[in-house]
Amino acid sequence: MSNVAVNQTGAQSGVNGLVDDWTSDKQTYHVPWGKAMMWIFLVSDTFIFTCFLTGYLNVRMTTTEPWPVQSEIFALSFFGSDPIPLILIAIMTFILITSSGTMALAVNFGYRRDKIKTFWLMVATAAFGASFVSMQAFEWSKLILDEGVRPWGNPFGAAQFGSVFFMITGFHGLHVSIGVIYLLIVATKVRKGHYDKKGYEIVEIAGLYWHFVDLVWVFIFAFFYLL
Amino acid sequence: MSSEAGQQHPLGIYYKIWVLLFFLSGCSYAVDFFNVQGGMRWGLVILFMILKAGFIVAIFMHAVWERMALVFTILGPPTVLLLLISFMAVEGNYASGTRYQYMGHDPDAVALTPSDLHGEAGGHEEAAEEH
């Protein structure tokens, strides 16, 4: 009775089976492993951002103080004009979409092995990302210094507005900042020819991350700024 | 179309989706700019949001060209989040109802705006409101 139990399919059961299943030469995802791992990371990141947004939904529903009017708080006037509602946020949105487009082109030129175009398109993407973060820094400083918004309170209404704002846009801004660094590293390696032998999947993997950052902004723009 | 060679598609589709994303973002912004309110605002903003998210995932992230095993791994787990969102909405609705009922807050209170606060100091905001 010292034999290891074997079931009808021939696979081992119990602990041996567990080891077998995880070590056998099977592949579920027919994509480069780096791409599968990036997707799994992005799925887990989706959970983090959804938890933040669901937390926002809950505090906004349950607070008994009136919720500040985003359209007026994020309005900006140019050269003494009347304040234009949400104009900076709209510009930031368009910048992020533009950067998503240049990234998609970079992925395409990467697979065509056009190193120069891939490099410059990735640098352009990173530059758009950096300008996005700068605008966010401007928006934060305006809110903190001029309007007196703090994570624990603000002069307009519900105190949760500040904590939700700094938490969600801060975490997204951190993603953009990391993405800028990541893109610049990959772009430099592309130009140096590091991927000539390995293949250019890495550009697509970096692109997945970047498009995800844009994707998260789509939801933040809708739920936090517009609704 | 997915293979070892990676995702390789004509450039045209990227340009089309790019323009479409710009258009949809413009539409979302227009909802705020023209001050659409109520159910119409929610409906339009969420419609444009879902369309934008769908096109980014499907085309820019190549999900439509991936094999089904990967697509289900990506889209499957996040669907349980809909359950979390609906639970928190139900719970939030109940909590706010009891708070208004027992804690004596005014449900019709209106939030202050920057022009209310900087009225005296700014000057031009007040002038803008008079127009």
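Everything numeric here is computed off the predicted structure, so don't read it as measured data. (Residues numbered from 1 in each chain as written. Chains lettered and ligands numbered in written order. Predicted model: local features only at pLDDT ≥ 70, side-chain atom pairs only at ≥ 80, totals over all residues.)

## Overview of the overall build of chain A
Along its length, chain A carries seven helices and zero strands. When its helices and strands are written in sequence order, chain A yields α-α-α-α-α-α-α. A compact globule built from 227 residues should have a C-alpha radius of gyration of about 17 Å, whereas chain A, at 23 Å, is more than 25% larger. Counting only C-alpha atoms, chain A reaches 80 × 50 × 20 Å along its principal axes. Out of the 227 residues in chain A, the part that is buried amounts to 39%. Pairs at least 24 apart in sequence give 67% of the contacts found in chain A among residues at least 6 apart. (Helix = DSSP H or I, 4+ residues; strand = E, 2+ residues; numbered from the N terminus. Rg over C-alpha atoms; globule rule 2.2 N^0.38 Å. Buried ≥ 20, exposed ≤ 12 C-beta atoms within 10 Å, placed from the backbone. Contact = placed C-beta atoms within 7 Å.)

## Regarding the overall build of chain B
Helix and strand counts for chain B stand at six helices and zero strands. Ordering the α and β elements of chain B from the N terminus gives α-α-α-α-α-α. Within chain B, the fraction of its 131 residues that count as buried is 19%.

## Brief notes about the nonpolar core
In terms of nonpolar packing, the biggest core is built from 72 residues, with Ala106, Met122, Leu183 and Phe221 of chain A touching the most fellow members. Only α2 (33–62), α4 (87–111), α5 (115–146), α6 (160–192) and α7 (201–226) of chain A together with α1 (11–33) and α2 (39–60) of chain B provide two or more residues apiece to this core. The element that contributes the greatest number of residues to this core is α7 of chain A, accounting for 18 residues. In this structure phenylalanine 221 of chain A touches Ile89, Thr93 and Leu226 of chain A together with Ser28 of chain B, once residues within four positions along its chain are discounted. (Core = buried A, V, L, I, M, F, W, Y, C linked by C-beta atoms within 7 Å.)

## A few points about the environment of threonine 50 of chain A
Note that threonine 50 of chain A resides in helix α2. Taking the C-alpha atoms as reference points, threonine 50 of chain A and glycine 193 of chain A, separated by 143 residues in sequence, lie 38 Å from one another.

## Describing unusual backbone geometry
The bulk of non-glycine residues show a negative phi, and the bulk of peptide bonds are trans. All names here are of chain B. Of note, asparagine 35 is a non-glycine position whose phi angle comes to about 55°, a positive value. Accessibility expressed as a C-beta count within 10 Å gives 9 for asparagine 35, which makes it exposed. If you check the backbone angles, histidine 62 has positive phi at about 65° while not being a glycine. Considering the arrangement of structural elements, one finds histidine 62 in the loop between α2 and α3 (68–103). Overall, histidine 62 belongs to the buried group, with 23 C-beta atoms counted inside 10 Å.

## A few points about the interface of chain A and chain B
Opposite the 53 residues of chain A that make contact, chain B presents 55 residues. Here the side of chain A that touches chain B takes 11 residues from α7 of chain A, the largest share from any one element. Its residues placed into classes, the side of chain A that touches chain B shows 31 nonpolar, 16 polar and six charged. (Nonpolar A, V, L, I, M, F, W, Y, C, P; charged D, E, K, R; others polar.)

## Regarding the packing of α2 of chain A against α3 of chain B
For the pair α2 of chain A and α3 of chain B, interaxial distance at closest approach is 9 Å and the crossing angle is 10°. Overall, the two elements α2 of chain A and α3 of chain B adopt an arrangement that is roughly parallel. Considering the relative orientation of α2 of chain A and α3 of chain B, their crossing is right-handed. For the contact of α2 of chain A with α3 of chain B, a count of residues per class yields 15 nonpolar, nine polar and one charged. (Axes fitted to C-alpha atoms, helices over the stretch in contact; angles between N-to-C directions. Parallel < 35°, antiparallel > 145°, perpendicular 65-115°, else oblique. Left-handed = near helix turned anticlockwise from the far one by under 90°.)

## What to know about α2 of chain A
Taking 1.5 Å as the rise per residue, α2 of chain A with 30 residues should run 44 Å; its terminal C-alpha atoms sit 44 Å apart, in good agreement. Listing the buried residues of α2 of chain A in full gives Lys35, Met38, Trp39, Leu53, Tyr56 and Asn58 of chain A. Turning to α2 of chain A, the residues buried within the fold contact α6 and α7 of chain A together with α3 of chain B. (Expected span 1.5 Å × (residues − 1).)

## So, the domain arrangement of chain B
Parsing chain B into structural domains produces domain 1 (1–66) and domain 2 (76–106). Domain 1 of chain B and domain 2 of chain B are separated by 29 Å when their C-alpha centres are compared. (Domains from an automatic or database assignment.)

## Let's talk about the confidence of the model for chain B
All names here are of chain B. In this model, chain B carries an average pLDDT of 83, and 85% of its residues clear a pLDDT of 70 or more. Ranking the elements of chain B by mean pLDDT puts helix α6 (residues 124–130) last with 44 and α2 first with 94. For residues 120–131, every residue scores under 50 in pLDDT, and the model assigns this stretch seven contacts once sequence neighbours within four places are set aside. Across the predicted assembly, pTM comes out at 0.86 and ipTM at 0.85. (pLDDT = per-residue confidence, 0-100.)

## Observations concerning the confidence of the model for chain A
When pLDDT is averaged along chain A, the result is 89; 95% of the residues meet or exceed 70. Summarising per-element confidence for chain A, the mean pLDDT is lowest in helix α1 (residues 14–23) of chain A (81) and highest in α6 of chain A (95).

## A short note on the environment of glycine 55 of chain A
Along the chain, the position of glycine 55 of chain A falls in helix α2. Taking C-alpha positions, glycine 55 of chain A is 18 Å from valine 43 of chain A, a pair spaced 12 residues apart along the chain.

## A word on the packing of α5 of chain A against α6 of chain A
Residue and element names in this part refer to chain A. Running from N to C, α5 and α6 cross one another at 160°; their axes reach a closest spacing of 9 Å. As far as their axial angle goes, α6 and α5 are roughly antiparallel. Here the hand of the crossing between α5 and α6 comes out left-handed. On α6, the residues that touch Lys115, Thr118, Phe119, Met122, Val123, Thr125, Ala126, Gly129, Ala130, Phe132, Val133 and Gln136 of α5 are Thr169, Gly173, Val176, Ser177, Gly179, Val180, Leu183, Leu184, Val186, Ala187, Val190 and Arg191.

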